[in-house]
Amino acid sequence: MQPLPRATPDHPTATRQESEGMEPGRRSFLRRLGGLTLAGAAGAIAPGLFSPEAQAAISSAPKRSLAFKSLHTGETLKATYWSNGRYDPHALVDIAHILRDWRADEVGNMDPALYDLLFALRRKLGTDQPFNIISGYRCPKTNAMLASKSDGVAKKSMHMEGKAIDIAVPGRKLTAVRNAALELKLGGVGLYSKSGFVHVDTGRVRQWGS
Ligand SMILES: [Zn+2]
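Anyway, here's the lowdown on the structure attached to this text. (Residues numbered from 1 in each chain as written. Predicted model: local features only at pLDDT ≥ 70, side-chain atom pairs only at ≥ 80, totals over all residues.)

**Description of the overall build of the protein chain**
Line of reasoning, step 1. Counting secondary structure elements, the protein chain contains seven helices and eight strands.
Line of reasoning, step 2. Evaluated residue by residue, the protein chain yields a buried proportion of 39% over its 210 residues.
Line of reasoning, step 3. Across the protein chain, contacts joining residues at least 24 apart in sequence account for 65% of those joining residues at least 6 apart. (Helix = DSSP H or I, 4+ residues; strand = E, 2+ residues; numbered from the N terminus. Buried ≥ 20, exposed ≤ 12 C-beta atoms within 10 Å, placed from the backbone. Contact = placed C-beta atoms within 7 Å.)

**With respect to the sheet that holds strand 4 (residues 131-135)**
Line of reasoning, step 1. The eight strands are arranged 3-2-1-4-5-7-6-8 in an open sheet whose pairing can be described as mixed. Looking at strand neighbours, the two that pair on one side only are strand 3 (86-87) and strand 8 (206-209), the edges of this open sheet.
Line of reasoning, step 2. Of the strand pairs in this sheet, strand 1 (residues 63-70) and strand 4 are connected by three bridges, and their pairing is parallel. Within strand 4, the position partnered with Phe-68 by the bridge is Phe-131.
Line of reasoning, step 3. Sheet strands in contact with helix 4 (residues 89-98) are strand 1, strand 2 (76-83), strand 3 and strand 4, and its direction is about 145° off that of strand 2.
Line of reasoning, step 4. Here helix 5 (residues 112-125) sits on the sheet and contacts strand 1, strand 2, strand 3, strand 4, strand 5 (164-168) and strand 7 (197-201); the angle it forms with strand 1, its principal contact strand, is near 90°. (Pairing = 2+ DSSP bridges. Axes fitted to C-alpha atoms, helices over the stretch in contact; angles between N-to-C directions.)

**Focus on the nonpolar core**
Line of reasoning, step 1. Judged by nonpolar contacts, the single largest core of 49 residues is most densely connected at Ile-95, Ala-120 and Ile-167.
Line of reasoning, step 2. Of the residues forming this core, the biggest block, seven residues, is contributed by helix 5.
Line of reasoning, step 3. Every residue in contact with Ile-95, bar those within four places of it in the chain, is listed here: Leu-66, Leu-77, Ala-79, Tyr-81, Met-110 and Tyr-115. (Core = buried A, V, L, I, M, F, W, Y, C linked by C-beta atoms within 7 Å.)

This is the structure in C-alpha cells:
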C-alpha cells in the first residue's frame, strides 16, 4: 500500500460531472485554444524531447487515450485526446478542466506534450488505471501560497506553465512510476515519497527527490 497523498479530498463541494456543460473557465480555455494552430502541433512529437522508446510508444498508437481521477474533487475522466492524426480540441479542454487549479477554480493553458508524456508513461507501466491527480495546473497565486508553506514547491513551478503534474498510479509503487519516467527521458521527474506522488514535467531531463 502506498501512503495516501496528503492532499486527499479536502474540497468536497467541487464535484462536477463532465456532462454538466462548459463552465466559464472551459469557455475561455476554448477561446485560447482557438488561437492555437492545432494542425501545426498535431501528430508531431517534438524532436529530441523524448527517448526513442517513448517516441515509438507514442507514434505507433493510432489513438492516444488517458484516464484521470482528481483526488481533490473526485472527478474522473477518460479521454481520447489524439486520433486520426490530430489532437482533439474537445478532449484537450476536458483534460485541462480536470487538471485545473481547484483552489482558484482556474483552468490552465496546458501543454499537450504533457499528455504525450503521460501516455508514454502509461504504456511503459502497462496499466489502464487512471492517473490519480495530486496537482495539475496551479495559478500563480496558488503556487505562491504552496511555495510559502513547503520547500518542495518551486516559486517558478512548471505547474504554472501547464507543463507539470503530480501523480500516483493505483497498483504501481511510486518508485516504479519514477523509474519508468526516468527511463523514458520524458523531462523532469521528482519523487515525493512522503507526500505520495511523483512529479513529471515536460522541461529538460532532470531528477530529484526521494
Ligand atoms: Zn509537481
